[in-house]
Amino acid sequence: MTILQETYALANGTRIPKIAFGTWQIPDGDETFGPVTFALANGYRHVDTARAYGNEASVGRAVREIEGVARDEIFVTTKLPAEIKTYDGALESFETSMAALDLEHVDLYLIHAPWPWKEMGKDCAEGNKAVWRAFEQIHALGRARAIGVSNFGVNDLKVIIDDCQVKPMVNQIKFYVGNTQKETVDFCRLNSILVEAYSPLATGKILNNANVRTMAERYGKSVAQICIRYVLQHDLLPLPKSTHGPRIIENGDVDFEISQADMTYLDSLTDTV
Ligand code: A2P
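In this text, all values refer to a predicted model and were calculated from it rather than measured experimentally.

Draft legend 1. Expanded view of the nonpolar core. Among the nonpolar cores identified, the biggest contains 85 residues, and Tyr109 and Leu266 are the most heavily contacted of them. Of the residues forming this core, the biggest block, 8 residues, is contributed by helix H8 (residues 223–233).

The following block contains the structure:
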């Protein structure tokens with residue numbers, strides 16, 4: 001078994017594969033279908049999309065059509081658009097996502113952000129509480145095996161936690177060497193919320209970092225592999241994204257160990273991009 005088949009347990013016991021294939025910024029159609037199919041054929045078992053990415057249809061098609069991998073072996077995540085902050089809107093958007101994916105259920109459904117992207121920081125506490133009630137219903141009906149949030153800070157999380165029946169099981173945030181959001185990660189750990197790390201390669205910007213490169217050479221690994229391994233050794237779940245086959249394989253080939261001293265060094269880096 002490689003790390004691509006290894007899982008974490010979410011708070012409700014659902015097993016979630018430790019590395020996800022990210023699809024942010026990949027256009028719908030063959031540009032998404034090809035890489036997702038390639039990733040699944042090469043051992044990935046977790047695919048992350050969002051309604052806002054516009055590529056759910058191609059992700060769903062790849063999951064349905066991949067040969068030799070059953071639906072229940074694949075973990076599929078999608079997200080509610082950040083702009084939707086009503087109970088009815090959330091239920092309706094979920095159905096739109098499910099129709100695009102053309103799947104019976106999703107494995108994880110996330111609120112994409114605590115505020116609309118054009119109004120970052122806006123107080124949407126009431127809206128998020130209403131949306132979460134819809135999420136709890138979707139979860140209770142078995143349409144989503146797990147539910148969570150994305151881009152939530154500590155205060156955003158507290159709003160939900162203080163009001164809910166079922167706590168968020170996941171918080172997906174931007175996390176990479178030099179950007180570790182310690183306060184949020186610590187709070188999530190205390191509340192049994194698994195942190196997923198999007199942009200673990202800082203959307204590619206960290207790949208030229210001289211400090212990480214020097215370390216990567218010492219391990220005989222690529223900078224990308226060091227960055228993905230770094231996330232895993234923090235017990236978080238990385239979502240690397242690539243449209244190129246060799247890179248997709250490289251990003252899943254991370255069965256090695258960064259020493260504690262080197263982890264401490266990576267933790268100390270700040271201006272990495
Ligand atoms: P591409 O899709 O052309 O392969 P992140 O996962 O942090 O969002 O980073 C994604 C970016 O990093 C994309 O531009 C992707 O380019 C690039 N990338 C992903 N994996 C690798 C890799 N192993 N080596 C070099 N670049 C990579």
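Moving on from the model shown.
Draft legend 2. Up close: the environment of Tyr109. Structurally, the position occupied by Tyr109 is in strand E6 (residues 106–111). By relative accessible area, Tyr109 is classed as buried at 0%. Separated by 39 residues in sequence, Tyr109 and Gly148 place their C-alpha atoms 6.3 Å apart. Residues within four places of Tyr109 in sequence aside, it is in contact with Thr78, Lys79, Leu80, Ala90, Ser93, Phe94, Phe135, Ile138, Ala144, Ala146, Ile147 and Gly148.

Draft legend 3. Focus on the pattern of salt bridges. Summed over the entire model, instances satisfying the criterion amount to 14 salt bridges. For the salt bridge of Glu6 with Lys18, the shortest nitrogen-to-oxygen distance reads 3.2 Å. Pair noted here: Glu6 is in the segment before strand E1 (7–9) and Lys18 is in the loop between strand E2 (15–17) and strand E3 (21–22), with a separation of 12 residues, a long-range link. With relative accessibility at 22%, the residue Glu6 sits in the partly exposed group. You can call Lys18 buried: its relative accessible area is 18%. We note a salt bridge from Arg64 to Asp102, for which the minimum N-O separation is 3.8 Å. Taken together, the residues span a long stretch of sequence, with Arg64 in helix H2 (residues 56–65) and Asp102 in the loop between helix H3 (87–101) and E6 at a distance of 38 residues. Residues joined in a network through salt bridges with shared partners are Asp30, Arg61 and Glu65.

Draft legend 4. Structural view of the sheet that holds strand E10 (residues 237–239). Taking strand neighbours across the sheet as the criterion, the 8 strands line up as E3-E4-E5-E6-E7-E8-E9-E10 in an open arrangement whose pairing is parallel. Two strands in the sheet have a free side with no partner beyond their single neighbour: E3 and E10. Two strands pair when backbone bridges link them, and strand E5 (residues 75–80) and E6 are joined in this way by 4 bridges, in the parallel orientation. Considered in E6, the bridge of Thr78 is made with Tyr109.

Draft legend 5. View of the packing of aromatic side chains. What the rule picks out here adds up to 8 aromatic pairs. Ring plane angle 75 degrees and centroid distance 6.4 Å describe the contact between Trp24 and Tyr198, whose orientation is recorded as edge-to-face. On the criterion of sequence distance, the pair formed by Trp24 in the loop between E3 and helix H1 (30–41) and Tyr198 in strand E9 (residues 194–198) is long-range, its members being 174 residues apart. Residue class for Trp24 comes out partly exposed when judged on its relative accessible area of 36%. Measuring from ring centre to ring centre gives 6.2 Å for Tyr219 and Phe256, while their planes differ by 55 degrees; the resulting arrangement is tilted. Here Tyr219, found in helix H7 (residues 210–219), pairs with Phe256, found in the loop between helix H9 (245–252) and helix H10 (260–268); they are 37 residues apart in sequence, far enough to count as distant. According to the relative accessible area criterion, Phe256 is buried, its value standing at 12%. Each member of the aromatic cluster is reached from another via a ring pair, and the members are Phe94, Tyr109, Trp132 and Phe135. It is Lys18 that lies over the ring of Tyr8; its NZ or CZ is 5.1 Å from the centre. In this structure, Arg61 packs its charged tip against the face of Phe33, placed 3.7 Å from the ring centre.

Draft legend 6. How the structure looks around unusual backbone geometry. Even without being a glycine, Asp102 presents a positive backbone phi close to 55 degrees. Classification of Asp102 by relative accessible area gives partly exposed; the value is 47%. For Gln181, which is not glycine, the phi dihedral falls at a positive 40 degrees. Note that Gln181 resides in the loop between strand E8 (170–174) and helix H6 (182–190). For Gln181, a relative accessible area of 31% puts it in the partly exposed group.

Draft legend 7. Just the site of the ligand, in detail. Close contacts around the ligand come from 16 residues, with Leu201, Thr203, Ser242, Arg247 and Asn251 the closest. Between the ligand and the protein, one listed contact pairs an oxygen atom with a backbone N or O atom of Gly204 at 3.5 Å. A distance of 2.5 Å separates an oxygen atom of the ligand from a polar side-chain atom of Ser242. In the complex, the protein chains occlude 84% of the 570 Å² of accessible area that the ligand would expose alone. Counting residues per element, the shell around the ligand draws most heavily on H9, at 3 residues. The residue makeup of the shell around the ligand, split by class, is 6 nonpolar, 7 polar and 3 charged.

Scoring rules and cut-offs
- Residues numbered from 1 in each chain as written.
- Predicted model: local features only at pLDDT ≥ 70, side-chain atom pairs only at ≥ 80, totals over all residues.
- Heavy atoms only, no water.
- Core = buried A, V, L, I, M, F, W, Y, C linked by side-chain atoms within 4.5 Å.
- Buried < 20%, exposed > 50% of the residue type's maximum accessible area, 1.4 Å probe, protein only.
- Helix = DSSP H or I, 4+ residues; strand = E, 2+ residues; numbered from the N terminus.
- Contact = heavy atoms within 4.5 Å.
- Salt bridge = Lys/Arg side-chain N within 4 Å of Asp/Glu carboxyl O.
- Pairing = 2+ DSSP bridges.
- Phe/Tyr/Trp six-rings, centres within 6.5 Å; stacked < 30°, edge-to-face > 60°.
- Lys NZ or Arg CZ within 6 Å of the ring centre and 35° of its normal.
- Near = heavy atom within 4 Å.
- Polar contact = N/O pair within 3.5 Å; in protein donor to acceptor, adjacent residues only side chain to side chain.
- Areas by Shrake-Rupley, 256 points an atom, 1.4 Å probe, with all protein chains shown as cover.
- Nonpolar A, V, L, I, M, F, W, Y, C, P; charged D, E, K, R; others polar.

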